[in-house]
Amino acid sequence: MKAISIRTFGSPDGLAVVDLPVPAPAAGQLLIATEAVGVGGVDTVIRSGALAAYGFKEGHIPGGEVAGTVTAVGDGVDVSWIGRRVWGFTGTGGGYVEQAVAPVEQILPLPDGLSAASAVTIGSAGAVAHFGLGHAHFAPGETVLVRGAAGSIGIMAVQLAARGGAAAVAVTTSSSERGERLRRLGATHVLDRSGEGGQEAPVGYDVIIDVVAGEDMPSFFDRLNPNGRMVAVGAVAGQPPADFGTKIMAAFQKSMSFAAFSTATVTPADLSAVRSKQFGAANRGEIEAVVHELLPLDEAVLAHQKMDAGEVFGRIVLTP
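Below, the structure is looked at part by part. (Residues numbered from 1 in each chain as written. Predicted model: local features only at pLDDT ≥ 70, side-chain atom pairs only at ≥ 80, totals over all residues. Heavy atoms only, no water.)

1. Observations concerning the packing of helix α2 (residues 116-135) against helix α6 (residues 268-283)
Relative orientation of the contacting elements α2 and α6 amounts to 120°, with a least axis distance of 9 Å. In terms of axis orientation, α2 runs oblique to α6. Crossing geometry of α2 relative to α6 is assigned as right-handed. For the pair α2 and α6, the contacting residues are Ala 119, Ile 122, Gly 123, Ser 124, Gly 126, Ala 127, His 130 and Phe 131 in the first and Asp 270, Leu 271, Val 274, Arg 275, Gln 278, Phe 279 and Ala 282 in the second. Residues of the contact of α2 with α6, tallied by class, amount to eight nonpolar, five polar and two charged. (Axes fitted to C-alpha atoms, helices over the stretch in contact; angles between N-to-C directions. Helix = DSSP H or I, 4+ residues; strand = E, 2+ residues; numbered from the N terminus. Parallel < 35°, antiparallel > 145°, perpendicular 65-115°, else oblique. Left-handed = near helix turned anticlockwise from the far one by under 90°. Contact = heavy atoms within 4.5 Å. Nonpolar A, V, L, I, M, F, W, Y, C, P; charged D, E, K, R; others polar.)

Next up, the structure:
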């Protein structure tokens, strides 16, 4: 089968099309003939080599979420899964393939009418946004800032905050055109990447959902209200400065807080429950899956080039 491997860490040119044997699902796993593969920000970070210290090696197959049809099951898995359209989470890799394996507890049936591309656009991103807002103890009537709102996680955070009764949903983004698209999804104020602009935007925010991190992250503590909470749900710009916590301590009397959030701390059952609800909501048109572009699997290099260039609004989906 065709797959995409990280031949060498670094630029997108380090990705290569390889031929691999079709995997056999182990006990508790299913084999999925993929129709759509989501390209996530974490894929580009892994490809760059920035996470090599965490055990990622050259030869790694990127990709964490796929959608398609179950073609085989391993021991202990109900054979009735075979032939069903599903969304599946493969973990921190193994998704850029024509045939993917995933554990049965990370599989969800797709509603009739929901496309595979929509599923891989919402599946991971929607759960991160939902539980990230929960981690921030977001409540109706509060003001929210989504930093890095043009990606799939940010877009879902904007929609969920607006649907959840936020008094204001501000976004940082790179252009007015993107800002207008985010307004149509629920944003009320559009700021530039530094958090400036938006003459009528709130002076401070109760919740900041940060997809970006990076060197500029500490400056956003200045935008938190007293008792405000910032939750980092991604780090597409890299790690923040080692001393970023000094900003919080310098404003001790504001009782601000910072947390990182990963869905790795959420049980599969809770993740599945939220994803099922979100798939249903998307199928009913209540939330939007924003697909930037569909590209063939063997154009993964181009997909990563677009990601690195900051051209993507929503999610690029690879189609085997």
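There's more to say after this.
2. Points about the nonpolar core
Core analysis: the largest hydrophobic core is formed by 54 residues, its most contacted members being Val 158, Val 171, Leu 182, Ile 209, Val 233 and Phe 279. For this core, the secondary structure elements donating two or more residues are α2, β8 (143-147), α3 (152-163), β9 (168-172), β11 (205-210) and α6. With 11 residues, α2 is the single largest residue contributor to this core. Apart from the residues lying within four places of it in its own chain, the contact partners of Ile 209 are Gly 132, Leu 133, Ala 136, Leu 145, Val 146, Arg 147, Ala 157, Val 231 and Val 233. In this structure, Val 45, Phe 56, Val 66 and Val 77 belong to the second largest nonpolar core, which totals 32 residues. (Core = buried A, V, L, I, M, F, W, Y, C linked by side-chain atoms within 4.5 Å. Buried < 20%, exposed > 50% of the residue type's maximum accessible area, 1.4 Å probe, protein only.)

3. A short note on the side chain of Glu 65
As for its placement among the helices and strands, Glu 65 is situated in strand β4 (residues 65-73). For Glu 65, the side chain forms a polar contact with the main-chain nitrogen of Ser 124, separated by 3.1 Å. Ignoring any residue separated from it by four or fewer positions in sequence, one finds Glu 65 in contact with Ala 36, Val 37, Gly 38, Trp 87, Gly 88, Thr 90, Ala 119, Val 120, Gly 123, Ser 124 and Arg 315. (Polar contact = N/O pair within 3.5 Å; in protein donor to acceptor, adjacent residues only side chain to side chain.)

4. Brief notes about the pattern of salt bridges
On inspection of all chains with the given rule, the structure shows 11 salt bridges. Ionic pairing is found between Glu 65 and Arg 315, a salt bridge with its closest N-O pair at 2.4 Å. A residue pair is termed long-range when its members are at least 10 positions apart, and Glu 65 in strand β4 and Arg 315 in strand β15 (residues 315-319) qualify at 250 residues. In terms of burial, Glu 65 and Arg 315 fall into one category: buried. Between Lys 306 and Glu 293 there is a salt bridge, and its shortest N-O distance comes to 3.4 Å. Of this pair, Lys 306 sits in helix α7 (residues 300-308) while Glu 293 sits in strand β14 (residues 291-296); the two residues are 13 residues apart in sequence, bridging distant segments of the chain. (Salt bridge = Lys/Arg side-chain N within 4 Å of Asp/Glu carboxyl O.)

5. Notes on the environment of Val 37
Relative to the elements of secondary structure, Val 37 occurs in strand β3 (residues 29-39). Residue Val 37 is classed as buried on the basis of its relative accessible area of 0%. For the pair formed by Val 37 and Lys 2, sequence separation is 35 residues and the distance between their alpha carbons is 13 Å. Apart from the residues lying within four places of it in its own chain, the contact partners of Val 37 are Glu 65, Val 66, Gly 95, Tyr 96, Val 97, Val 120, Ile 316, Val 317, Leu 318 and Pro 320.

6. A word on the packing of α2 against α3
The interhelical angle for the contact between α2 and α3, taken along N-to-C directions, is 55°, at an axis separation of 8 Å. What the angle tells us is that α2 and α3 run oblique. Of the two possible hands of crossing, α2 and α3 adopt the one that is right-handed. Between α2 and α3, the residues in contact are Thr 121, Ile 122, Ala 125, Gly 126, Val 128, Ala 129, His 130 and Leu 133 and Ser 152, Ile 153, Met 156, Ala 157, Leu 160 and Ala 161, respectively. Grouping the constituent residues of the contact of α2 with α3 by class yields 10 nonpolar, four polar and no charged.

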